[in-house]
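Spelled out, the chains give:
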Amino acid sequence: KEKTFVFHNGVELPNIGFGTWQIPNEEAYAAVTMALKNGYTHIDTALAYKNEENVGKAIKDFDLPREEIFITSKLPAQIKGYNETLEAFNTTITNLGVDYLDLYLIHAPWPWDAIGTDHTEGNIQSWKAMEKLYNDGKIRAIGVSNFTESDIQALIDACDIVPMVNQIPFYVGHDQEDLLTFCEKHNIVVEAYSPLATGQTLNSPEIKEMAKKYGVTPAQLCIRYCLERKTLPLPKSTHEERIIENSQLDFTISPEDVEKLNAVEDVRK
Ligand code: A2P
């Protein structure tokens, strides 16, 4: 049973992470504590989520050594540049109350209010800063999020370290096949955010029916699907019974059914 993913630098991480996007700071302490209590040891946050403080408090108060928890955070999408990146990283580790991160990602290739605009040079400068933090031992792995093939290729061409991760929206009906193939070729682990399409896949009749066949919930089927496609799911919930449910993935989906799920229509289109 696959328990871990391995980056191209040898760093290992649990095969499921607890996503904290859309969990407000006031709720983050309880949610992350529930996740840790129920066996999640991989927590994904970002400066932009505005919950790092309570994510960090929950981790600190929980009775596990720091090195047994895998913490990811992200450089805000609008921050591009070498010094700006070093500063934002410091803000993040101060918010979290940690002295190193396991994984740090460029949140997006462009600011959220200018999706699709070209920031290649800024991304390269940010990446160089992240390489420095990595080489200084402040981060165990570095990566990107929401990057296309050409966004990643620009970093590979201009910099020394190939990203260890690309974190992208990935769910049943939205499998980003070309990007997956590109990442696989470069040994880049794909992390699946919104593995339930923020909950929207759960009402699909096809998904409901197949879940019944496997004796699992639609959420479990959708999260397991990510693993079948070799992506690392980051489900989010603030409800304990769902947090537990989402990590119980001890079944496999047949290749034929994976094919069927690949062909499901995108709920968000
Ligand atoms: P809640 O946080 O209220 O439990 P995604 O991981 O794709 O972003 O989806 C998260 C959304 O799906 C949230 O609205 C979350 O609601 C809901 N959700 C998460 N897990 C489950 C589950 N097992 N069953 C039903 N809804 C879920």
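Residues numbered from 1 in each chain as written. Predicted model: local features only at pLDDT ≥ 70, side-chain atom pairs only at ≥ 80, totals over all residues.

The chain carries the name Aldo/keto reductase in an unreviewed UniProt entry, which gives Carnobacterium alterfunditum as its organism. Taken from UniProt, the Sequence similarities (unreviewed entry) comment for the chain reads in full: "Belongs to the aldo/keto reductase family." (UniProt positions renumbered as here; feature names shortened; annotations may be inferred.)

Notes on the environment of Asp 61
Turning to its location among the elements, Asp 61 is positioned in helix α2 (residues 52-61). Judged by the 11 C-beta atoms lying within 10 Å of it, Asp 61 is exposed. Taking C-alpha positions, Asp 61 is 9.7 Å from Tyr 29, a pair spaced 32 residues apart along the chain. (Helix = DSSP H or I, 4+ residues; strand = E, 2+ residues; numbered from the N terminus. Buried ≥ 20, exposed ≤ 12 C-beta atoms within 10 Å, placed from the backbone.)

With respect to the site of the ligand
Of all residues adjacent to the ligand, which total 18 residues, the nearest are Leu 196, Gly 199, Ala 219, Ser 237 and Arg 242. Broken down by element, the residue count for the shell around the ligand peaks at 3 residues, all from helix α9 (residues 240-247). Looking at side-chain class alone, the shell around the ligand contains 6 nonpolar, 9 polar and 3 charged residues. (Near = placed C-beta within 6 Å. Nonpolar A, V, L, I, M, F, W, Y, C, P; charged D, E, K, R; others polar.)

A short note on the sheet that holds strand β6 (residues 103-106)
Taken in spatial order, the 8 strands make up an open sheet running β3-β4-β5-β6-β7-β8-β9-β10, and their pairing is parallel. Pairing within the sheet leaves two strands with one partner each, and these edge strands are β3 (18-19) and β10 (232-234). Judged from the 2 bridges that link them, strand β7 (residues 142-145) and strand β8 (residues 165-169) form a sheet pairing that is parallel. Residue Ser 145 lies in a different strand from β8, and its bridge partner there is Gln 167. (Pairing = 2+ DSSP bridges.)

Observations concerning the UniProt feature "binding site: substrate" (unreviewed entry) in the chain
What UniProt calls "binding site: substrate" (unreviewed entry) maps, in this numbering, to His 107. Among the structural elements, His 107 can be located in the loop between β6 and α4 (120-135).

A closer look at the pairing of strand β9 (residues 189-193)
Of all the 5 residues making up β9, 5 are buried; the element is thus mostly covered by neighbouring parts of the structure. With burial as the criterion, each face of β9 is covered, one bearing Val 189, Glu 191 and Tyr 193 and the other bearing Val 190 and Ala 192. When β8 meets β9, the two strands line up parallel, connected through 5 bridges. The residue of β9 that forms the bridge with Asn 166 is Val 190. Once the chain exits β8 it traverses helix α6 (residues 177-185) before rejoining the sheet at β9, and the crossover so formed is right-handed. With 3 bridges connecting them, β9 and β10 associate as parallel partners. Note that in β10 the partner of Glu 191 across the bridge is Leu 232. (Right-handed = clockwise from strand over helix to strand, strands pointing away.)

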